[in-house]
Each structure stands twice: as C-alpha cells, then as structure tokens.
There are 2 protein chains.
Amino acid sequence: MTDKQPANNLTEQVMARLSADIRGGRLAPGARLPTEQALTTELGVSRTVVREAVAALRADGLIVTRRGSGAYVADPAAGPFRIAAPRTTSLDDILDVMELRLSVEVEAAAFAAERASRRHVAAIRAAWQSIETALKRGEGAVAEDFAFHRAIAEATGNSQFPRFLAYLGSHVIPRQSVRLSVDTPAERRTYLARIQHEHSRIVAAISDGDVTEARRAMREHLTRSLDRYRALARGKKNGRR
Amino acid sequence: MTDKQPANNLTEQVMARLSADIRGGRLAPGARLPTEQALTTELGVSRTVVREAVAALRADGLIVTRRGSGAYVADPAAGPFRIAAPRTTSLDDILDVMELRLSVEVEAAAFAAERASRRHVAAIRAAWQSIETALKRGEGAVAEDFAFHRAIAEATGNSQFPRFLAYLGSHVIPRQSVRLSVDTPAERRTYLARIQHEHSRIVAAISDGDVTEARRAMREHLTRSLDRYRALARGKKNGRR
DNA sequence: ATCAATAAAATTGTCTGACAACTTGTCGGG
DNA sequence: CCCGACAAGTTGTCAGACAATTTTATTGAT
C-alpha cells in the first residue's frame, strides 16, 4: 500500500514501523508506546535512532511524550492536518481536489467583493493585465493566471485563503500543462480569450462590490475548466460512480 | 506574533528557531543549513538536541539531509502539505478558519444535493434525527452536529470534503464549547431550536436535489454562527480591519 | 486497615565521546 | 587535460552517563 524503499537510514525504518503500528490500529489513541529501552532491544538499534524516530513522529503529531512517564499515541484529531495524498495523484484525485478548490475560490471571490481595499483591487487588475500582455505575446500565461487567482485570495483579508490556494495550486496547476485537449492553435487562442473574458467579469464584480455576481462569475469560470477535465477523465477511462 | 511558552524541552526550541529561519526566508529553499557542530556551538546545546530537531523538521518536510554532505532546505512545493497554523489559535485565526470552512461546506451541500445517493440521504436524515433526540434530552449535541455536517460532506462522493472537514472540525469545533455567548437556558434552547430548523431546511434541499437552495440554506446556517463569533471577537477586543 | 509521607524505581531529556559511512575538494601522476 | 588516491568535512549510528520528572513501592502513623 505504502512506499517501501529500503530506506538506508535506520531512523526512517523505525519511524515506518511505529507509524504503521499506530495507523494500523495496533496502538490505539492514548495507549502507551514501549519504552525507549524496550524498542532498542526489540528493534536492535541504538537509543539515538529510537529517539530521533520518536521526535519525528512527535513532530508529525502522531505521538506525545511525557518526561518520566512515557510516550503515548496522540489523539488523531489533534494532529496537524494533511489534505490530499501527494503521491497518488490519479486523475480522479485531481478532480476531487479541483472541486475543493472551486468551493474555496467561489467564496473567496465573494469575500473579496465584500471587503477588498483599493490596493487589492488594483493588484487584481494588474494581475489581469499581466495575463493580457502574455496572451498578446502568444504565451500560455499559466503563471499569470495563478497569480490572478492568488490576488483575489489575498483581497479577502483572510490569510487562510491565499495559503490554501498556494498549496492546492502547487499540486494541481502543474498537471494542467501536461495535456490540454485543445489541439489546433486557433482553438487554443479562442479558448484562452474566453477564459480571459471570464476573468474580466470577475474583476468587474469584485471592483463593483457585487458579492453575488462575483460568486456567479467565479463559479462559472471554474466550473467550465472543471468540466473540461471531467470530459478528459471520461474519455481516458470511463467509470467511477 | 507567535506563542512563546518557554517550551521546557530544548528540542522544540531549536525546532522553532530553525523553522522560523526557514519560513521567514532567512534560509532560501535549496540553501544549506549550518552543520550540526556549528549549531551546537551557536545554540549552546548538545548534538543530540540538534539531531532530534533536524529529524523532526525532516519529518515535517521542511528539510532534507544527505549523509556526508549536509542538511538542505526542502523545496516547499515538494513538501507534504500543511494548510493552517495549529498552534497559534487566536480568535482572529479561528474566524479565518471558519470562513474557510463555510466556503467548503456551502459547496459541499450543493454537491450533495446534486449527487447524493439514497443511502447518503438516509444517513443525513439519521444524523439529523440524532440531533433531535439529543436536544429533546436537553443536551448540547455538539458531536451530533458535527456528525451531521460530516454526513453531508460524505454525500458529495468526493473524499476530499470529509477529510477537509474532519481536520477543520477537530480544530474549530472544540472551541465552540469553550464559551457560548448565550447565557440563560431558555435563550440557549431557542437558539438550538433555530439551528435545528436550519438543519431541516438543508436536509430538505439536499433530499429534493435543489442545488441552489442547498447552497443558500447552508450558507445562511454557517453565516449565522460566524456572525455570532464575529460579535464575540469584537466584544472581547475590537480592532483589526 | 486506611491513608499520608517518604523512598525507590522507572522513564524521558540532555550531555559527551567515539567510530562508521558518505561526500566533496585537493593534489599528484599519467 | 583527465583521472585516481587521499584528506578533510559531514551526517548516521552506537555507547555510556547523569539530570529531571513521574510512577510505584515502602513505611509509618492514626
């Protein structure tokens, strides 16, 4: 199920072992782990290795240690937060993540329309202009597109939105360039022009402070690209739900 | 800015220091960290502490180590995935996270209305019923409420939604019980009754497959609780934007 | 016999020193 | 100029010791 490269360093081996014990349920939340000495004898490694593995798992939020008492399996709810599986990026997974992105961005546009400052609006406009010049130069403008969405997220005044987008973008956007279903340059150009037109409507809504329209425009914009991926997924291998 | 409890264990102090250096940009991605020996002398701790801190940061995906060469700041895009800050949970941070949650849940309700199976609808109805019985017993039903929202997230057919909610819920919901602005039991009862009424409208919309109404009902439901928190935050110490 | 204070044992946290495994740069010889 | 051997530097692992803290056992008084 998981990746099993031999992991030439012992610490990772011990980490994998303990992690598997915890996630596999052999060690229930709140249960106490074997003592460091017990682990050294059982696994045949030095205490240094055991301690480093424990420190790593503690950083992961899987366990907590109490001096003089022992190490305990942490409540999984208290753990940090991992969103998507980075390794297994199947096409379906990407679609799922894109839906999550749509959800966040639609509301981000609404919040931006509600409370964007003049500087924020100016930044969004500048990002739009950057796409425009890139398109006139005949480029794809994927980086500029991402910057545009990022500018909107920052205009919400809520730092969670840009952070969320930055993470999702780094994992979803790169795939976008892998395979575009549009073939001829002419088709591609009209497609990009339409995208940019959708962008302009989003800008207008945010600039006007029209919350409802901002939501609508952003949803339409993202739904369209989502549908293109859905079609692609269905074409490649149809199935699922 | 951040929380500065003395952190009685040195490892966390060193971790915090290095983590701040990396996130603060003083150490660019790809840059090499000081050697362990340099850190021991500079920070005045033993090599054991430094190594455990490095092991923890490596588990966090912030750095990578190469034997014989050194430790390097990892490319953040390659790093696993972290969304929000778990430690620094100020009231403003909670509000920001709640807005993110609203964004996701509104669209989750829409997706649920669009493609929930009969079993999913039944599960949502059952969760609603659980709240009902808990309320009749005079309980707060926070766990049941969370289960209700979770059932909706699962009805989307997109595994990212329940996962996202599970994380956010574990960090946001617990605070809900910390301090409720409603004082008298009567007020509390009417409040809970209204919440449950809002729930019923969400259930009806999803059951009918009415996407727009599902969005509207969920947004109204969450906006209301968000507004209550906003008022609470403003009452405690007004400021910010 | 019950309970409280004390002592002992157990456990994690930190320090020190050492050696192995690996990487990188240097230097000499071809 | 290229290339191999060598040396220095760095991380990985091991071993032992002591400190700080918690848990358990012992002991004593009531």
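Details of the structure are given in the entry above.
Residues numbered from 1 in each chain as written. Chains lettered and ligands numbered in written order. Predicted model: local features only at pLDDT ≥ 70, side-chain atom pairs only at ≥ 80, totals over all residues. Heavy atoms only, no water.

1. Considerations on the protein's contact with DNA strand D
For the record, the criterion: Definition of nearness: a residue and a molecule or strand are near each other if at least one heavy atom of the residue lies within 4 Å of the molecule or strand. Definition of a polar contact: a pair of N or O atoms within 3.5 Å, with one able to donate and the other able to accept a hydrogen when the atoms are protein atoms, and with sequence-neighbouring residues admitted only if both atoms are side-chain atoms. Counting from the N terminus, the helices are the DSSP runs of H or I reaching at least four residues and the strands are the DSSP runs of E reaching at least two. Only Asp, Glu, Lys and Arg are considered charged, only Ala, Val, Leu, Ile, Met, Phe, Trp, Tyr, Cys and Pro nonpolar, and every remaining residue, Gly among them, polar.
The full set close to DNA strand D counts 25 residues, and A:L10, A:S46, A:R67, B:R47 and B:T65 are the nearest of them. Backbone atoms, meaning sugar and phosphate, form 72% of the atoms of DNA strand D found within 4 Å of the protein. Contacts to DNA strand D include B:E36, whose backbone N or O atom sits 3.1 Å from a phosphate oxygen. Within the side chain of B:T65, one N or O atom sits 3.0 Å away from a phosphate oxygen of DNA strand D. Among the secondary structure elements, those contributing two or more residues to the surface near DNA strand D are α1 (10-23) and α3 (47-60) of chain A together with α3 (47-60), β1 (63-66) and β2 (70-73) of chain B. Tallied by class, the residues present in the surface near DNA strand D amount to four nonpolar, 11 polar and 10 charged.

2. Brief notes about the packing of helix α5 (residues 118-136) of chain A against helix α6 (residues 142-155) of chain A
Residues and elements named next belong to chain A. How we decide: For helices, the fitted axis covers only the stretch in contact; all axes are lines through C-alpha atoms, and the angles between them, taken along N-to-C directions, range from 0 to 180 degrees. For classification, angles of less than 35 degrees are called roughly parallel, those exceeding 145 degrees roughly antiparallel, those between 65 and 115 degrees roughly perpendicular, and all remaining angles oblique. In what follows, residue pairs with any heavy atoms lying within 4.5 Å of each other are defined as contacts.
The N-to-C vectors of α5 and α6 enclose an angle of 170°; their axes lie 9 Å apart at closest approach. Relative to α6, the element α5 is oriented roughly antiparallel. Within the contact between the two elements, α5 uses H120, A123, I124, A127, W128, S130, I131 and A134 and α6 uses E144, D145, A147, F148, A151, I152, E154 and A155.

3. A look at the side chain of B:R215
Tracing the chain through its elements places B:R215 in helix α9 (residues 211-236). Setting aside residues up to four positions removed in sequence, B:R215 forms contacts with A:R219, B:V106, B:E107 and B:A110.

4. Digging into α3(A)
To keep it simple, the criterion reads: The span you would expect from a helix comes to 1.5 Å times its residue count less one. Only protein chains enter the area calculation, which uses a 1.4 Å probe; residues under 20% of their type maximum are buried, those over 50% are exposed, and those in between are partly exposed.
Spanning 14 residues, α3(A) covers 20 Å between terminal C-alpha atoms, matching the ideal 20 Å at 1.5 Å per step. Within α3(A), 10 of the 14 residues are buried, which leaves it mostly tucked inside the rest of the structure. Along α3(A), the residues classified as buried are A:V49, A:V50, A:E52, A:A53, A:V54, A:A55, A:A56, A:L57, A:A59 and A:D60. Looking at the buried positions of α3(A), the neighbouring elements they touch are α1, α2 (36-43) and β1 (63-66) of chain A together with α1 (10-23) and α3 of chain B. Of the residues flanking the end of α3(A), it is A:G61, one or two places downstream, whose phi is positive at about 85°.

5. Notes on the protein's contact with DNA strand C
Around DNA strand C, 25 residues are found, and the nearest of them are A:R47, A:T65, A:R67, B:L10 and B:S46. Within 4 Å of the protein, atoms of DNA strand C come from sugar and phosphate in 70% of cases. In the environment of DNA strand C, a sugar or linking oxygen lies 3.4 Å from a nitrogen or oxygen atom belonging to the backbone of A:G68. Only α3, β1 and β2 (70-73) of chain A together with α1 and α3 of chain B provide two or more residues apiece to the surface near DNA strand C. Its residues placed into classes, the surface near DNA strand C shows four nonpolar, 11 polar and 10 charged.

6. Quick look at the pattern of salt bridges
Residue and element names in this part refer to chain A. Condition: Here, a salt bridge means any side-chain nitrogen of Lys or Arg that lies within 4 Å of a carboxyl oxygen of Asp or Glu.
Per the counting criterion, the structure on display carries 36 salt bridges over all chains. For E154, the salt bridge is made with R150, and the minimal N-O distance between the two is 3.4 Å. Pair noted here: E154 and R150 are both in helix α6, with a separation of four residues, about one helical turn. Residues joined in a network through salt bridges with shared partners are E198, R201, E213, R216, E220 and R224.

7. Digging into the packing of aromatic side chains
What counts here: Note on aromatic contacts: the rings of Phe and Tyr and the six-membered ring of Trp form a pair at centre separations within 6.5 Å, being stacked when their planes are under 30 degrees apart, edge-to-face when over 60 apart, and tilted otherwise. The criterion is that NZ of a Lys, or CZ of an Arg, lies within 6 Å of the ring centre and within 35 degrees of the ring normal, and then a charge sits over that ring.
Counted under the stated rule, the structure contains three aromatic pairs over all chains. Across the ring face of B:Y191, the terminal group of B:R228 is positioned such that the distance to the ring centre comes to 4.2 Å.

8. Looking at the pairing of β1(B)
Residue and element names in this part refer to chain B. Just so we agree on the cut-off: Two strands make a pair as long as DSSP finds a minimum of two bridges between them.
Summarising the sheet, β1 and β2 pair through four bridges and their orientation is antiparallel. Among the inter-strand pairings, I63 is bridged to a residue of β2, identified as V73. Where β1 hands over to β2, the hairpin turn is made up of three residues, of which G68 adopts a positive phi near 85°.

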